[in-house]
Amino acid sequence: MNRFAPTELLIAALARQVRGLGHVAVGNASPIPGAAALLARALSGDAMVVSILGSQRHNPYTDGGRELFDCAGQGRLDAFFLGGGEIDGQANVNLVAVGERQAPQARFPGSFGSAYLYFVVPKVILFREEHSRRVLVPRVAFVSAPGCSAKGIHRTGGPAALVTGRCVFAFDRARGRFRLDSIHPGHDRAEIEAETGFEFDCLPEPAATEPPSDAELALIRGRVAGELAETYPRFAARTWNRAA
Amino acid sequence: MVTWIDIDAMAARIPDGTRLAVPADYSGVAMAATRALIARGARGLRLVTVPTSGMQADLLVGAGAVAEIETAGVTLGEHGLAPRFSAAAKAGRVDIRDATCPAIHAGLQAAEKGVPFMPLRGLIGSDLLAVRSDWHIIGNPFAGGALETGDDPIVLLPAIRPDVALFHARWADRSGNVWIGRRRELATMAHAAATTLVTVEERYDGDLLADETMAAGTLPALYVGAVAVAERGAWPLALPGAYAADDGEIARYAAAARTEPGFADYLAGTPRRAA
């Protein structure tokens, strides 16, 4: 039996992406990024400011829904996690729909804050557990938020990495391409190539994604699980058998 | 003077075709009033979600009450996609005006200032601009270039002026001052809307503006048209600080609303008031 669940590996891998940062925010329907931010905060000795959308206790804002975005616009927010119905090789993200606009084949919830935060948050970490050609496509059907911008467009932020259920990609903004950085235990490069709909660069020997340490696992299952259960009771119950 | 009415009278104050602003699930959603609105057979609502919605928008869309929805996202959160919203989108039954969270906040802020538009960073290169013909790009006039061709392009968003803002809160006092705590987007919504209708858990015994501690979190009655008492009025959603969401009930809805007959059965079998 494995020492940790795949979900716990993802939490630790995402937490590493935001290590050392001062202010990290988590958006809608993001229990795994939420757990990662809470883990990173615990590991920082509570030096990191974390805001979890929908949380009362893990959310410092007092000026309403606008405050997160106003913070970001001023450069006060260092990192944000973002998902995607579709993500392509240029890190364009689609959270709206697939198919014809008036009668789409699939309708996703909507763009949320992506069309703004992707531009002004220095480190946006893309996360989508499903790593398949359905999600990682050659070209998104609708650009909720573009991965790269032309020169002259105000852009102080953008994608830094993409973490999936199989691997970690880093994003090279100058080249507008992903590079396979590390592969999760139990997965391999051939499988990742087969399941990815876009071309990407690859290190000659991509590393294995670092597993969570015993100390990280203890934090994830203890403090982090308890903190997360306030906002994501079903996820916490399913993952750690934990009530809110 | 604010009038105290019941929730059926409140639903009657939201006529067909109203541009109706409603808050996100974390702010206090007037679910009892929403059921009253569906019961009165509301049609043609132009919903503005501030900035997102969940079961409330899904119920209203499923019941055929919505002609147009301006939103940054509709989702049932841990319970998955909003099934009636998705079905209506695929069938092209509702005009979806896709937005992004800060664009909705900014549009309301323009309205509360009485100015016609607000600039917002980001957006350029997003297909949202292609589907929002009411959003415009100009050159930043303070950057030195021409308005049409300036070096620093920025998007302008029109003010969002709802006819009615509708939400649920913990307390209102006799005069109609409403305690909203730190949920300041409720104040923004109310400032921007022509009038605001509020359901509350209970009437506050005293003057909310007389106590500095309470006044800091209070929306003054000058924005409020009417108040109705609806105990557990956000059910099955949460009222932050007062009660949690009824997870089992939302799960029951999410399962039922997967199909149109299931949704109809759910509507017919759900009590108007919280259990």
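Residues numbered from 1 in each chain as written. Chains lettered and ligands numbered in written order. Predicted model: local features only at pLDDT ≥ 70, side-chain atom pairs only at ≥ 80, totals over all residues. Heavy atoms only, no water.

## A few points about the overall build of chain A
At step 1: A count of helices and strands for chain A gives 7 helices and 13 strands.
At step 2: At 17 Å, chain A has a C-alpha radius of gyration in line with the 18 Å of a compact globule built from 244 residues.
At step 3: Judged by the C-alpha coordinates and their principal axes, chain A covers about 45 × 45 × 35 Å.
At step 4: Here chain A holds 244 residues, and 57% of them are scored as buried. (Helix = DSSP H or I, 4+ residues; strand = E, 2+ residues; numbered from the N terminus. Rg over C-alpha atoms; globule rule 2.2 N^0.38 Å. Buried < 20%, exposed > 50% of the residue type's maximum accessible area, 1.4 Å probe, protein only.)

## Digging into unusual backbone geometry
At step 1: The step from V50 of chain B to P51 of chain B runs through a cis peptide bond, and the omega angle for that step is -10 degrees.
At step 2: Examined against the element boundaries, P51 of chain B turns out to sit in the loop between strand 3 (45-50) and helix 3 (55-62).
At step 3: With an omega of 5 degrees, the peptide bond running from W235 of chain B to P236 of chain B counts as cis.
At step 4: Tracing the chain through its elements places P236 of chain B in the loop between strand 13 (224-229) and helix 9 (247-256).
At step 5: In this model, D46 of chain A sits at a positive phi of 65 degrees, which is unusual for a non-glycine residue.
At step 6: Along the chain, D46 of chain A falls in the loop between helix 2 (31-43) and strand 2 (49-52).
At step 7: Its identity is not glycine, yet F112 of chain A carries a phi of approximately 50 degrees, on the positive side.
At step 8: With respect to the helices and strands, the residue F112 of chain A is situated in the loop between strand 7 (106-107) and helix 4 (114-120).

## Let's talk about the interface of chain B and chain A
At step 1: Listed as interface residues are 45 residues of chain B and, on the opposing side, 44 residues of chain A.
At step 2: For the pairing of chain B and chain A, the buried interface totals around 3600 Å² over both sides, and the portion due to carbon and sulfur atoms is 55%.
At step 3: Of all residues in chain B, the largest losses of buried area upon contact with chain A belong to E78, K90 and R182 of chain B, amounting jointly to 19% of the total for that side.
At step 4: Between chain B and chain A we count 3 salt bridges in total.
At step 5: Linking R234 of chain A and D247 of chain B is a salt bridge whose minimum nitrogen-to-oxygen distance equals 3.1 Å.
At step 6: Between chain B and chain A we count 18 residue pairs in polar contact (both at pLDDT 80 or more) in total.
At step 7: When contributions to the side of chain B that touches chain A are tallied by element, the ones reaching two or more residues are helix 4 (83-91), strand 5 (95-98), helix 5 (101-113), helix 6 (128-131), helix 7 (185-192) and helix 9 of chain B. (Contact = heavy atoms within 4.5 Å. Buried area = accessible area lost by both parts, 1.4 Å probe. Salt bridge = Lys/Arg side-chain N within 4 Å of Asp/Glu carboxyl O. Polar contact = N/O pair within 3.5 Å; in protein donor to acceptor, adjacent residues only side chain to side chain.)

## Observations regarding the nonpolar core
At step 1: Y118, L126 and F178 of chain A together with W135, F167 and V178 of chain B are the most contacted members of the largest nonpolar core, which totals 81 residues.
At step 2: A per-element tally of this core places helix 5 of chain B first, with 7 residues.
At step 3: Inspection of this core shows a minimum of three residues originating in each of domain 1 (3-100 + 161-269) and domain 2 (117-158) of chain B.
At step 4: For L126 of chain A, the residues in contact, after removing those within four places along its chain, are L82, I87, A91, V93, Y118, P159, A161, L162, V163 and F178 of chain A. (Core = buried A, V, L, I, M, F, W, Y, C linked by side-chain atoms within 4.5 Å. Domains from an automatic or database assignment.)

## Concerning the packing of aromatic side chains
At step 1: One pass over the full model with this rule turns up 11 aromatic pairs over all chains.
At step 2: Seen from their ring centres, F69 of chain A and Y116 of chain A are 6.1 Å apart, and the 70 degrees between their planes marks the pair as edge-to-face. Remark: Y116 of chain A occurs in helix 4 and F69 of chain A occurs in helix 3 (residues 66-74); sequence separation between them is 47 residues. Y116 of chain A shares its class with F69 of chain A; the two are buried.
At step 3: Taking the centre distance of 5.7 Å and the plane angle of 80 degrees together, the rings of F235 of chain A and W240 of chain A count as edge-to-face.
At step 4: Since its relative accessible area comes to 5%, F235 of chain A is described here as buried.
At step 5: These aromatic residues form a ring-pair network of at least three members: F169, F171, F178, F198 and F200 of chain A.
At step 6: A cation over an aromatic ring shows up here: R203 of chain B above the ring of W4 of chain B, its NZ or CZ 4.2 Å from the ring centre.
At step 7: In this structure, R232 of chain B is placed above the aromatic ring of Y243 of chain B, and the distance from its NZ or CZ to the ring centre is 4.7 Å. (Phe/Tyr/Trp six-rings, centres within 6.5 Å; stacked < 30°, edge-to-face > 60°. Lys NZ or Arg CZ within 6 Å of the ring centre and 35° of its normal.)

## Here's the deal with the sheet that holds strand 8 (residues 123-128) of chain A
Residue and element names in this part refer to chain A.
At step 1: Spatially, 2-1-3-8-10-11-12-13 is the arrangement adopted by the 8 strands of the open sheet, whose pairing is mixed. Taken across any chain shown, the strands that pair with only one partner, and hence form the sheet edges, are strand 2 and strand 13 (201-208). Neighbouring strand axes in the sheet, compared pairwise and without regard to direction, differ in orientation by 20 degrees on average. (Pairing = 2+ DSSP bridges. Axes fitted to C-alpha atoms, helices over the stretch in contact; angles between N-to-C directions.)

## What about helix 2 (residues 31-39) of chain B?
All names here are of chain B.
At step 1: Here helix 2 lies mainly inside the structure; 8 of its 9 residues are buried.
At step 2: Restricting attention to buried positions, one finds in helix 2 the residues M31, A32, A33, T34, R35, A36, L37 and I38.
At step 3: Just past helix 2, the residue G41 takes up positive phi, approximately 75 degrees.

## Details of the domain arrangement of chain B
Residue and element names in this part refer to chain B.
At step 1: Looking at chain B, the domain boundaries give domain 1 (3-100 + 161-269) and domain 2 (117-158).
At step 2: Centre-to-centre, using C-alpha coordinates, domain 1 lies 32 Å away from domain 2.
At step 3: On the domain 2 side, the residues contacting the 5 residues of domain 1 number 5 residues.
At step 4: Approximately 420 Å² of surface area, both sides summed, lies buried where domain 1 meets domain 2, with 58% of it carried by carbon and sulfur atoms.
At step 5: Linking domain 1 with domain 2 are 2 salt bridges.
At step 6: In this structure, R132 and E70 form a salt bridge, with 3.0 Å as the shortest nitrogen-oxygen distance.
At step 7: Of the residues in the side of domain 1 that touches domain 2, the class split is 1 nonpolar, 1 polar and 3 charged. (Nonpolar A, V, L, I, M, F, W, Y, C, P; charged D, E, K, R; others polar.)

## Topic: the packing of helix 1 (residues 6-17) of chain A against helix 6 (residues 214-229) of chain A
All names here are of chain A.
At step 1: Look at helix 1 against helix 6: their axes get within 11 Å of each other, and the N-to-C directions meet at 105 degrees. Comparing the axis directions of helix 1 and helix 6 gives the class roughly perpendicular. Side by side, helix 1 and helix 6 meet where E8, I11, A12 and R16 of the first sit next to E216, L217, I220 and R221 of the second.
At step 2: Classifying every residue of the contact of helix 1 with helix 6 gives 4 nonpolar, no polar and 4 charged. (Parallel < 35°, antiparallel > 145°, perpendicular 65-115°, else oblique.)

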